[in-house]
Amino acid sequence: MKSIPLTMVRPDLHRIPSYALPSSHRVRNFQPGDERIWAQIEASVGEFGDEEAALKHFDKEFGAYAEEMVTRCLFIENEHGEAIGTTTAWYGSLQDDETRGRIHWVAIRPEYQGKKLSKPLLTAAMELLAQYHRRAYLTTQTTSYRAVNMYLNYGFEPLITTPDCMEGWALMETVLQRNITGSST
C-alpha cells in the first residue's frame, strides 16, 4: 500500500469513548529513565531502524521536556509489569497556530497487537488531553489503516489540505469500506 501522510483533527474533547484495559494490565505515566523503554517499543513497531535511532529521536523531540513527559507520556504494562505500549498526550499546532492537544507516537509491541489494548490506551491519552486542551489532532499514514479506523471511531476527522491528502483519504475509504470524506467514492 502506498504510504501517504494523513492529519486528523477532533473539534472538541467531549464524549471520549471509554474502553477499559484487561484487569491484568495497567496504564502508568512516564518516569525518568523510561526513554529506553519508549525507544524499544517504538523500534519494535518499525517507527525507527533500531532502538538507538529511536532513542536519539526521543532526546531530540522530548529531551528538553522531561518534566512534561512525566505527566503526558503513558505506558501500558502487562501482568508482569513490562511496558508493552505507549503514547503521548502531547501538543502542537496546525495551520491556524492554535495550540491543540496531540495524540503522538502510539505504539503497541507487535506480540501484543490485536489484544484490545490500543483503545484503552487512546482513551487514557484523550482523557489526559482533555485536561489541558479544547481540541486535538494527530498525524498518521495510510499504511496504519487499522489505527486510522480507530481514530475515526474516536471522533477524529480528516484534515484535507493537499491533493495527496485527497488521494490518501480516497484510499482509506476503499480499504476501510466506509465513507470518510462525505464524497461518493
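Use the structure listed above.
Parameters and conventions
Residues numbered from 1 in each chain as written. Predicted model: local features only at pLDDT ≥ 70, side-chain atom pairs only at ≥ 80, totals over all residues. Heavy atoms only, no water. Helix = DSSP H or I, 4+ residues; strand = E, 2+ residues; numbered from the N terminus. Buried < 20%, exposed > 50% of the residue type's maximum accessible area, 1.4 Å probe, protein only. Pairing = 2+ DSSP bridges. Axes fitted to C-alpha atoms, helices over the stretch in contact; angles between N-to-C directions. Contact = heavy atoms within 4.5 Å.

Enquirer: Looking at this structure, how should I read unusual backbone geometry?
Expert: The backbone of K116 shows a phi angle near 60°, a positive value even though the residue is not glycine. Position of K116 among the secondary structure elements: in the loop between β5 (99-108) and α4 (118-130). Taking the relative accessible area as the measure of exposure, K116 reaches 71% and is therefore exposed. You will see that Q177, though not glycine, has its phi angle at about 50°, which is positive.

Enquirer: Would you take a moment to explain the sheet that holds strand β6 (residues 136-141) for this structure?
Expert: Whenever strands of a sheet pair, they do so through backbone hydrogen bonds, lying parallel or antiparallel. Overall, mixed pairing links the 7 strands, which are arranged β2-β3-β4-β5-β6-β1-β7 in an open sheet. Across the chains shown, the open sheet's two edge strands, defined by having one partner strand only, are β2 (26-29) and β7 (157-159). Sheet twist, expressed as the mean angle between neighbouring strand axes with direction ignored, is 30°. As judged from the 6 bridges shared by strand β1 (residues 5-10) and β6, these two strands associate in the antiparallel manner. When the bridges of β6 are listed, R10 appears paired with A136. In the packing of α4 onto the sheet, the strands contacted are β1, β2, β3 (73-77), β4 (83-93), β5 and β6, and the crossing angle to β5 comes to about 160°. Each of β1 and β7 touches helix α6 (residues 163-176); the most contacted strand, β1, lies at about 80° to it.

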